[in-house]
Amino acid sequence: MRTWLFRIIGTVAFLAFAAVAFVWLLLAAPMFSDMRRELVEQVLSEQINRPLLVNDDVRIAAGRITHIYVGGVVIPSLSMEDTSLAELNRLELELDIAALANGRLHFDNLVVDGLQANFLTAADGTTSWLKGHSAPNSEPESIAAEETLETSIEVRESDDEGAENKGILTFLSDKNVSFTSIGLNIDDQASGFAFVFDLQSLALEQLYGGQNTRVSGTGSVNGQGFEIEGDYPRGAPFTTHASFGEMTVSYDGQPLAEDEGGGYRAVLEMDTGEFGDFLEVVGLDRVLEGNGQFQAELVSQDALKIESFATTINLEDGQKLEAEGSIDDLYTAQGVDLIFDARLHPEGQPPSAAKSFQDLKFSGFEMHMVGSLASFEFEKLLFKTNAFDQGLDVIGPASIESIRRMPDGRLAMLGIALQAGPIEEPVLKAEGEILDLLQLQDVTFDGMLDGPAKLILPNLDEGFVDQFGGIKADFNISNAGGPVSLNRFNATNYGTDLWALDLALSVNELKGLAGLDFDVKLDVNDSAQFLTALNLQPIEIGAMAIDAETSRQGEDFDAAIKFEAGSSDLLAALDARFPEGASVVRGNITSERLDLNDLKNLTAVLDQLKGLVGEASQEPEPEVQPLVLPKETDVQPLVLPKEKGKPADLLDVQRVLKEADVEVQIDFKEIVGQQGVTSVSSQLSAKDGTVDFGPLQMAYGGGNFSLRAVMDLIDSPDWLSLSGSTSGWEFGEILDELGIGIDAYGRLSGEFNVSGSPASGKAFVNSMRGNASLSMSQGYISTSLLELAGLGIFPWLFSEEFRQGYTDITCVVAPVDIQAGRVSSNSIVIETGSVQLVARGQVDWLNDSIAIRAEPRRVGKPLSRSAWPFDVTGQLSSPKFKLDVGGSRNKAPEGADAMPVDRQHCVPDINQLQ
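Residues numbered from 1 in each chain as written. Predicted model: local features only at pLDDT ≥ 70, side-chain atom pairs only at ≥ 80, totals over all residues. Heavy atoms only, no water.

Asker: Describe the overall build of the chain, naming the residues involved and giving the relevant values.
Answerer: Scanning the chain from N- to C-terminus turns up 15 helices and 46 strands. Looking at the 914 residues of the chain, the share that counts as buried comes to 40%. In the chain, 45% of the contacts between residues at least 6 apart in sequence involve partners at least 24 apart. (Helix = DSSP H or I, 4+ residues; strand = E, 2+ residues; numbered from the N terminus. Buried < 20%, exposed > 50% of the residue type's maximum accessible area, 1.4 Å probe, protein only. Contact = heavy atoms within 4.5 Å.)

The structure is reproduced here in structure tokens:
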């Protein structure tokens, strides 16, 4: 019996020893390493609901709390081959054997060392963490949104697999975990953003019996210092605080009760600190400096909803961007309602009003966007400039394919599509991209415009909409690599006989009009009907046509413009070069026939058309004023239309003429509509700062002008010199103009050389200095009073002039000297066959005074008595005429008392004595 007892005891001991040895071998012996790995792989894979591989050994220290040591853990990606979702150098776990005996597998107190996690997104949207599915078309709006991304991943995983709350985060949610030497790589090829986390430590602690989870960690993100602390009590308010360099983020909230739909409500607050640092953290170029604040109220239930948010960005140069709104589903970007307001200048310091296109600047914009990222509309879109505000009330729907970071560090908006007008039949469609969103550079858009002419003519009368037809255009605009360029704009109208438009335009640089090609043809069959349709006053000018071609390539500029209106035509051709030095301009302006009445009507038409852009009243004027008021004479004064603001006000003409080499020929062969003016021919030239206009050849009232104007813009820019001559003037017609009812005949001619201030016509006349001379020969005047004054009564009674009733005028010579408002002469001579009248004196119109002495004598008798010399004195506005009764005599020069044989006409005889 004892023998059997010992045998039983020995057998049991042996079996116990063998079992212990077997268990020891199973847990520690190298020969069972594969079995241990497979067991751990199977158990952990079930816990995290995805495959897990163990490449190194597994050691197990058995006990009531069994310690498991695992090396070389790999969690492969199920959607990207040869890519791991996570790799761990060492994993330690504690297994509660008592809980296991009760059928509950529970690990706790995990230690993770040398973790490298990879959250990758391929260009096609495939992610490393989802099981063969692409990520939704949404992107994190901030670093804080990245932290919520994995939670949403777990929810989608459980939906895909039909399991309940299984995943990596679910596995870790109730455990104490200590991480050391953590690397997290978030690389989204679809958005271009990459975040490299290098964490020295990260701890996940379960406090108060698992009723409170606390997270803390330190490290860096993209080279910037990173810290995070989170406190998440079960069923109580939670807090999250993180910092990235100077940027701080807080995400505080509280759970919602089940009767409220579950989930949680939270407030996200972010302060970027120095905005340039923020751009560097997210991997963008540091192109802006300043600071920004962001605050949002979020609700997470079936979707992550932003109930409201507000953000303000203040840049260091004084610009300010404000945004507010809401988003119903942040993950899918549905239910977007955003309002933007940007001020692009320091507060209270808007850019000065633009005086030219080169001065045009954007000063701000306002935008109200609703819809989703896939399709949105602008309920308001207002661009502000220093010249105008342009509001576009109906734009959309629009869509954006993606917003992504480019490899060179720029933030890009790709796949932009927008339209304007009725959704069913939009009048504008455009597609494009912005490769540098932060600086609005490298923008490219292609578009089509197709709609009624009322689209660009808002004042078009409804009754004429059909008659005006439609407008169709295609365009391409970009600022890729530099200035804004209009690479293509081709437009034409259709469906109308009232007018015709054909336009082709391209500009490599809008600001400087570099690389310009412009070709336009505009025909209006009936200008009065055209203006009536625009709710403007009709003006009878008949048909109008404009044909213009311009081109600027590099330094060369060419232009040809042909204008036809009524019976008039005008052709201008211009060739110019704009090198770095002086510009060279050559051109011709010609007209076969120019009716000034057409010019008058054109001026009135343009004044009417100002109403289309709000510069003139829409109320019609009583009548169109004529170019000049009619007179009861055959010759009208040459009067140009009054100006109401000149386009030249935006151009520094003096600067252009000072720096350029200019030669422009002007030739108007026939001018009608201005009585007396028949033709004009001239030349404008400028070189080395000297402007030379002339000679201007103009036929006027039967006479001719030859005028030259010269101005030195460098040494004397405030002084204008005029010189020239005139001829062919009918003496009798001039007397008629002066109201002197004496029949006369003679052709007057003259020469002048004067200079003065060009500030105004009055300033020039009052400051004028120089000399002039008037002459006439072979004329007559139907009176013999001149003979009476020079011969005396009795010789006059028997003179030939008295018998025939008129006097032949041999010549008239009137040289004058002009000095700042005063005209003087020592020898004004009027000579007939018998009498020579010599006058001298001065007229001072500034001081309203006149003093002239005239002495008539027989021809060749300068020492004889003048029978009736006379004086004109006093005020110029009210002169006094005095006859010197008794006459007067000249004093002979010493030793001179005889007239020469070759006496000269119209030279004072007293000066010819020998």
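Asker: Describe empty space enclosed by the protein, with residues and values.
Answerer: Per the counting criterion, the structure on display carries two cavities of 30 Å³ or more. Counted as a void, the second largest cavity has a volume near 30 Å³. The wall of the second largest cavity is formed by Asp285, Val287, Gly409, Arg410, Leu411, Asp436, Leu438 and Gln439. In terms of residue class, the lining of the second largest cavity is built from three nonpolar, two polar and three charged. (1 Å grid on protein atoms, 1.4 Å probe; cavity = no way out; pocket = protein on both sides within 12 Å on 5 of 7 lines; lining within 4 Å. Points joined across faces, edges and corners; volume = space filled by probe spheres on them. Nonpolar A, V, L, I, M, F, W, Y, C, P; charged D, E, K, R; others polar.)

Asker: How would you sum up the nonpolar core? Please name residues and give values.
Answerer: Where a protein is soluble and globular, its nonpolar side chains tend to be buried together. Counting 82 residues, the largest nonpolar core has Val70 and Leu91 as its most contacted members. By size, the runner-up hydrophobic cluster in this structure holds 30 residues, among which are Trp499, Leu531, Leu536 and Ile541. (Core = buried A, V, L, I, M, F, W, Y, C linked by side-chain atoms within 4.5 Å.)

Asker: Explain the pairing of strand β5 (residues 107-121) residue by residue, including any values.
Answerer: For β5, the buried fraction is high: eleven of the 15 residues fall into the buried class. Judged from the eleven bridges that link them, β5 and strand β6 (residues 177-188) form a sheet pairing that is parallel. Looking at β6, one finds that Asn118 is bridged to Asn185. (Pairing = 2+ DSSP bridges.)

Asker: Got a sec to walk through the state of the cysteines? Specific residues and values, please.
Answerer: Counting across every chain of the model gives one disulfide. Between the sulfur atoms of Cys811 and its disulfide mate Cys906 the distance is 1.9 Å. Judged by the sign of its S-S torsion, about 120 degrees, the cystine formed by Cys811 and Cys906 is right-handed. Within this pair, whereas Cys811 is found in strand β41 (residues 807-819), its partner Cys906 is found in the segment after β46 (878-883), the two being separated by 95 residues in sequence. (Disulfide = S-S within 2.5 Å.)

Asker: Give a detailed account of unusual backbone geometry, specifying residues and quantitative values.
Answerer: Unusually for a residue other than glycine, Asp82 sits at a positive phi of about 60 degrees. Tracing the backbone through its elements, the reader meets Asp82 in the loop between β3 (65-76) and β4 (84-96). Positioned with a positive phi, Ala820 is a non-glycine residue whose angle comes to about 45 degrees. Considering the arrangement of structural elements, one finds Ala820 in the loop between β41 and β42 (822-832).

Asker: I'd like a rundown of the environment of Glu297, residues and numbers included.
Answerer: Mapped onto the elements, Glu297 comes out in strand β13 (residues 290-300). Looking at Glu297, the relative accessible area reads 37%, which means it is partly exposed. Separated by 30 residues in the primary sequence, Glu297 and Val267 have C-alpha atoms spaced 4.6 Å apart. Among residues more than four places away in sequence, those in contact with Glu297 are Ala266, Val267, Lys305, Ile306, Glu307 and Ser308.

Asker: Now, about the pattern of salt bridges: what can you tell me, with residues and values included?
Answerer: Throughout the structure, instances matching the rule amount to 16 salt bridges. A salt bridge links Glu289 to Arg286; the nearest nitrogen and oxygen atoms lie 2.7 Å apart. One salt bridge in this structure joins Arg410 and Asp408, with 3.0 Å as the shortest N-O distance. On the accessibility criterion, Arg410 (17% relative accessible area) is buried. One network of salt bridges, in which partners are shared, links Asp277, Glu280, Arg286 and Glu289. (Salt bridge = Lys/Arg side-chain N within 4 Å of Asp/Glu carboxyl O.)

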